[in-house]
Amino acid sequence: MSDAIEFLMHQHQQQTEFDRKQREVRARQYVDLQRQTTTKHTKIPNMTDAMKQVRSVSPDYPEEYKDFIRRTSGRPV
């Protein structure tokens, strides 16, 4: 009887140790995953000057391109 109880206690101890190690491994994996997937926010550049420059330039498309756009999309160019 004593051997059976000792065996069960030993089995329980091994299972407990295995579960603890698994929790530690999962915790490390979770920390690594959090570190890899965390977004690093940077300052958003001020694009007002770039937008002004884009709007100030009037694109002059070649006639072939204008004709192609008119025929394929119906959009006036």
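Please refer to the structure placed before this passage.
Remember, predicted model here, so these are calculated numbers, not experimental data.

Parameters at a glance
- Residues numbered from 1 in each chain as written.
- Predicted model: local features only at pLDDT ≥ 70, side-chain atom pairs only at ≥ 80, totals over all residues.
- Heavy atoms only, no water.
- Helix = DSSP H or I, 4+ residues; strand = E, 2+ residues; numbered from the N terminus.
- Rg over C-alpha atoms; globule rule 2.2 N^0.38 Å.
- Areas by Shrake-Rupley, 256 points an atom, 1.4 Å probe, with all protein chains shown as cover.
- Salt bridge = Lys/Arg side-chain N within 4 Å of Asp/Glu carboxyl O.
- Phe/Tyr/Trp six-rings, centres within 6.5 Å; stacked < 30°, edge-to-face > 60°.
- Buried < 20%, exposed > 50% of the residue type's maximum accessible area, 1.4 Å probe, protein only.
- Patch = residues over 30% accessible without salt bridge, like charges linked within 9 Å, V, L, I, M, F, W, Y side chains within 5 Å.

1. Overview of the overall build of the protein
- Within the protein, the secondary structure is distributed over three helices and zero strands.
- N-terminal to C-terminal, the α/β element order of the protein is α-α-α.
- Relative to a compact globule of 77 residues, whose C-alpha radius of gyration would be 11 Å, the protein shows 34 Å and is clearly more extended.
- If you sum the accessible surface of the protein, you get close to 7,900 Å²; carbon and sulfur atoms cover 57% of it.

2. Examining the pattern of salt bridges
- Taken as a whole, this structure holds six salt bridges when the rule is applied.
- Between Glu24 and Arg20 there is a salt bridge whose closest N-O contact spans 2.4 Å. Taken as a pair, Glu24 and Arg20 lie in helix α1 (residues 2–37) at a separation of four residues, close to a single helical turn.
- Across the pair Arg71 and Asp67 runs a salt bridge whose closest N-O atoms are separated by 3.1 Å. Residue Arg71 and its partner Asp67 are both found in helix α3 (residues 63–73); the two are separated by four residues, about one turn of the helix.
- One salt-bridge network, held together by shared partners, links Glu17, Arg20 and Glu24.

3. Remarks on the packing of aromatic side chains
- Summed over the entire model, instances satisfying the criterion amount to one aromatic pair.
- Geometrically, the ring pair formed by Tyr61 and Tyr65 is tilted, given 5.0 Å between the ring centres and 45° between the ring planes.
- Judged by its relative accessible area of 36%, Tyr61 falls in the partly exposed class.

4. Considerations on a nonpolar patch on the surface
- A contiguous nonpolar surface patch, about 290 Å² in accessible area, is contributed by Tyr61, Tyr65 and Phe68.
- For Phe68, the position within the fold is in helix α3.
- Accessibility expressed as a relative area gives 42% for Phe68, which makes it partly exposed.

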